[in-house]
Amino acid sequence: SNNYPSLPKQSKHGRKAIAVMTSGGDAPGMNSNVRAIVRSAIFKGCRAFVVMEGYSGLVHGGPEYIKEYSWEDVRGWSSEGGTNIGTARCMEFKERDGRLLGAQHLIEAGVDALIVCGGDGSLTGADLFRAEWPSLIAELLKNNRITKEQHTRYQHLNICGTVGSIDNDMSTTDATIGAYSALDRICKAIDYVEATANSHSRAFVVEVMGRNCGWLALLAGIATSADYILIPEKPSSSREWQEQMCDIVSKHRKRGKRTTIVIVAEGAISNDLTPISPADVHKVLVEKLGLDTRITTLGHVQRGGTAVAYDRILASLQGVEAVNAVLDTTPDTPSPLIAINENKITRKSLVDSVRLTKSVAEAIHSKDFKKAMSLRDTEFIEHLNNFMAINSADHNEPKLPSDKRLKIAIVNVGAPAGGINSAVYSMATYCMSQGHKPYAIYNGWTGLARHESVRSLDWKSMLGWQSLGGSEIGTNRATPEEADLGMIAYYFQKYQFDGLIIVGGFEAFVSLHQLEKARDSYAAFRIPMVLIPATLSNNVPGSEYSLGSDTALNALMEYCDVIKQSASSTRGRAFVVDVQGGNSGFLATCTSLAVGAQASYVPEEGISLDQLSQDIETLAEAFERSEGRGRFGKLILKSTNASKALSAENLAKVMTAEAEGRFDAKSAIPGHVQQGGLPSPIDRTRATRLAIKAVGFIETKQEIIREARADDEEFNPEDKEIESTAAVLGVKGSHIVFTSIRQLYDFEADVAKRMPKIIHWEGTRAIADHLVGRKIVQ
Ligand code: ATP
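What counts, and where the lines are drawn
Residues numbered from 1 in each chain as written. Predicted model: local features only at pLDDT ≥ 70, side-chain atom pairs only at ≥ 80, totals over all residues. Near = placed C-beta within 6 Å. Helix = DSSP H or I, 4+ residues; strand = E, 2+ residues; numbered from the N terminus. Nonpolar A, V, L, I, M, F, W, Y, C, P; charged D, E, K, R; others polar. Contact = placed C-beta atoms within 7 Å. Buried ≥ 20, exposed ≤ 12 C-beta atoms within 10 Å, placed from the backbone. UniProt positions renumbered as here; feature names shortened; annotations may be inferred. Expected span 1.5 Å × (residues − 1). Arc of directions from axis to C-beta. Pairing = 2+ DSSP bridges. Axes fitted to C-alpha atoms, helices over the stretch in contact; angles between N-to-C directions. Core = buried A, V, L, I, M, F, W, Y, C linked by C-beta atoms within 7 Å. Right-handed = clockwise from strand over helix to strand, strands pointing away.

Caption draft 1: Main features of the site of the ligand. Around the ligand sit 18 residues, and of these Gly24, Gly25, Gly119, Gly121 and Gly125 come closest. A per-element tally of the shell around the ligand places helix α4 (residues 120–142) first, with six residues. Within the shell around the ligand, the residues separate by chemical class into four nonpolar, 10 polar and four charged.

Structure follows, in structure tokens:
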């Protein structure tokens, strides 16, 4: 009845009924969340319900508003924007009578648990509903609106929140579902505006959403290297912001910048709570600086379109976790809110998160801006400090005293990846603000060894790099040993580098290892050295995230969306898509989750004949089940290295032959499209964050190594402190960490395979498979 192909026979949860609703403003990714919740509930042996039109659906009730959903009902939802189950702002639910009706209707429908995907308002409502539940059902019983049995059975409302909101304004979670999609729309718009601004040497004031939260404005500011931002959290007097903005903008103009971009959050205010409108900013730029200025208000375009890969994956993983959470919850456990911290899906207390979020708005309204900032997560504060450091810097009067100023080199190693230019730009501009001298080593180690390709980076020549794909300083695959270690040491000595930042993938990892090993023989390498992982394969040990992996994921996802649509036009058509990534199945796995592919084949697992024939059967059944339910196509993702024998083309042929007319498969090869065009906002903003952290690392590790540097006798590479000065900067679980290259190379890397020993995306694979009903042959 629920159409799930392999429903577990016995469920330990009984036949619980789990309902999901979307509420408040719509956000891209909500559909992925609903899909994951419906399918995960069914997978766990529960019944799945959706509540249509947010809280209005609860207030109205009945099968038209509280519907049981089947596995097939949410097919293809991952690639659709908005929310297919509707959302609403519902005034009745703010009244007790409305909630009383809601409780009655939920009980009538037989719902045991409710998962609400919405913003802080919606989750406040959910929390209130939960708190009031005992009194609501007591009243319903008293008035004979429910039976005694119903009263006993539905004694506790099991509730869970997943945060869907483009504002990213919920405390305790780093990202809300939809925020990165909105950021993507904003950055694209600003990239467009930048081109016309540049042509006319104009200034643009861009208004973005965010009533009590400047996250979108701030992150867009970083991703597009805007000149100035105005956000609600950190207001100043109207004189101060005007002076600061004019000072920064005119400094940038004097240094040769032709464009000016100022981003204003919807809720921007000055410190007496007067709203700052784009018109106010326009007036200042025109009257004080004489700039030809235009206003662009982005409006609902920001909510539009389909979700970016991050949101689809986040929403799917959180949907699965929300179902787990409601099944784990007992009457004594606090209602959970599903969050993400760095790279880890976590459970937080719904009440606490709502309370904390509310206190930000309260702090702003009571002009306690310090408190408002302190309630934002540390990443937000870090981003803001970074933005201001890069933008407001006075290069003639840098922050650090002259004896603390360093010469820092940056080099790209390996294939280009989205965000590499942003890392170079941010590293260099941040260095300038601190007083360090940034150098670029052009064209990798070969460039240095053969052509002494070292140049100091200057501000003007890097304009626009933040949003550019590829690698402006050039990159090369050779490792230092392949290029010429001795020559490299010679140039390090000649330029007196105090620190090195390497940006790249596995070759960069090997490079760092070689340089660290060579510290014994070459004193020039006895400097802090740090690697920022950057590769679409995302296979650098020590990090669960590499720059460029998000850009690649989006490029491949968009390609797959198009291919899937093409497949939908032909009856019974599947596509086998060939995916890059070396020996890493990261890209294939995450894309398959984002697009809802029927199966993915990855190098870590290979392709077994048993699994292949099972997948062909499952696929044939899926096609059969969907007969008469509209046209649709199916995708299979295959990493190039998943099988040497079976190319995507041959795999498609085998599938077609074995399907015996039940469906046919064709191959599709996206190739270098996967490197992406413009880097995604995630890769751009993380590049900035990581690059500045890397400079910080070189500053703090300077003292440790400086003393031991000159003296060969003294220098002991095995000393833990010394060891810590050559490290990989990465995301591990819920933290950003530096791990020494020794530790990683010796214990956490499978160097022959060019892979980390522990595959951090394994859990994602299982979820991608179970959300499409793939049967795994043991
Ligand atoms: P967004 O962040 O996109 O604005 P939101 O969830 O904060 O989303 P709201 O309009 O604030 O959007 O809330 C959505 C709905 O949640 C409201 O229309 C109302 O039905 C319900 N709701 C909000 N606040 C409360 C409350 N204090 N008590 C009961 N219900 C509420």
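Caption draft 2: Representation of the environment of tyrosine 430 in the model. Mapped onto the elements of the fold, tyrosine 430 is located in helix α14 (residues 420–434). Expressed as a C-alpha distance, the spacing of tyrosine 430 and isoleucine 692, which sit 262 residues apart in the sequence, is 6.7 Å. With sequence-adjacent residues up to four places away left out, tyrosine 430 is seen in contact with Ala389, Ile390, Ala691, Ile692 and Val695.

Caption draft 3: Main features of the environment of glutamine 614. Take glutamine 614: it is sitting in helix α21 (residues 609–625). The partly exposed category is assigned to glutamine 614, around which 16 C-beta atoms lie within 10 Å. Linking glutamine 614 and isoleucine 776, residues 162 residues apart in sequence, is a C-alpha distance of 7.9 Å. If we ignore the near neighbours within four places in the chain, the residues touching glutamine 614 are Lys775 and Val777.

Caption draft 4: Broad picture of the UniProt feature "domain: Phosphofructokinase" (unreviewed entry) in the protein. Under the present numbering, the feature "domain: Phosphofructokinase" (unreviewed entry) in UniProt falls on residues 18–326 and 407–697. Counted over residues 18–326, helix gives 46% and strand 15%. Its end C-alpha atoms are 8 Å apart.

Caption draft 5: Up close: helix α22 (residues 648–659). With 12 residues, α22 should cover 16 Å at 1.5 Å per step; its first-to-last C-alpha distance of 16 Å lies within 8% of that length. Ala648, Leu651, Ala652 and Met655 are the residues of α22 that are buried. In a view along the axis of α22, the buried residues occupy a sector of 100°, so they form one face of it. Considering only its buried residues, α22 is in contact with β17 (573–579), α21, β19 (634–639) and β20 (664–668).

Caption draft 6: Examining helix α8 (residues 238–254) more closely. End to end, α8 covers 24 Å across 17 residues, agreeing with the expected 24 Å (1.5 Å per residue, within 8%). Listed in full, the buried residues belonging to α8 are Trp241, Gln242, Met245, Val249 and His252. Seen along its axis, α8 keeps its buried residues to an arc of 105°; they face one direction. Exposed side chains of α8 directed beyond 90 degrees from the buried face belong to Arg239, Glu240 and Lys254. Its buried side turned inward, α8 meets β7 (228–230), β8 (260–265) and α9 (278–289).

Caption draft 7: A look at the sheet that holds strand β13 (residues 437–441). The sheet built from seven strands is open, its strands ordered β14-β13-β12-β15-β16-β21-β22 with mixed pairing. Edge positions in the open sheet fall to β14 (454–456) and β22 (735–740), since each of these has one partner strand only. Each strand of the sheet is rotated relative to its neighbour by a mean of 25°, with strand direction disregarded. For strand β12 (residues 407–413) and strand β15 (residues 499–504), the ladder comprises six bridges, and the chain directions are parallel. Each residue of the ladder has a partner; that of isoleucine 408, found in β15, is glycine 499. Helix-sheet contacts for α14 involve β12, β13, β15 and β16 (529–533), and the interaxial angle to β13 is about 155°.

Caption draft 8: Quick look at the UniProt feature "binding site: Mg(2+)" (unreviewed entry) in the protein. In the numbering adopted here, UniProt assigns the feature "binding site: Mg(2+)" (unreviewed entry) to Asp120. By the element assignment, aspartate 120 lies in helix α4. Owing to 25 C-beta atoms within 10 Å, aspartate 120 belongs among the buried residues under this scheme. Once you skip the residues sitting within four places of it in the chain, aspartate 120 turns out to touch Asp169, Met170, Val354, Thr357 and Lys358.

Caption draft 9: Summary view of the sheet that holds strand β11 (residues 344–349). Strand order in the open sheet formed by seven strands is β3-β2-β1-β4-β5-β10-β11, and the pairing between neighbours is mixed. Both edges of this open sheet fall to β3 (66–69) and β11, since each of them pairs with a single strand only. Ignoring which end each strand starts from, the neighbouring axes of this sheet average 30° apart. Each of β5 (158–163), β10 (336–341) and β11 is contacted by helix α11 (residues 350–365), which is oriented at about 85° to β11, the strand it contacts most.

Caption draft 10: Representation of the nonpolar core. Grouped together as the largest cluster of nonpolar side chains are 242 residues, with contacts concentrated most on Ile115, Leu216, Ala220, Met427, Ile532 and Ala694. The biggest single contributor to this core is helix α10 (residues 309–328), with 12 residues. For methionine 427, the contacting residues outside a window of four places in its chain are Ile410, Pro438, Ile501, Ala691, Ala694 and Val695.

Caption draft 11: The arrangement of the pairing of strand β2 (residues 47–51) in detail. Counting buried residues along β2, four of its five residues qualify, which places the element largely inside the surrounding structure. Relative to β2, strand β1 (residues 17–22) is paired through five bridges, and the arrangement is parallel. Across the sheet, alanine 19 pairs through a bridge with phenylalanine 49, a residue of β2. The parallel pair β1 and β2 is bridged by helix α1 (residues 30–43), and the resulting crossover is right-handed. Pairing analysis gives four bridges linking β2 to β3, with the strands arranged antiparallel. Looking at the pairing, alanine 48 lines up with tyrosine 69 of β3.

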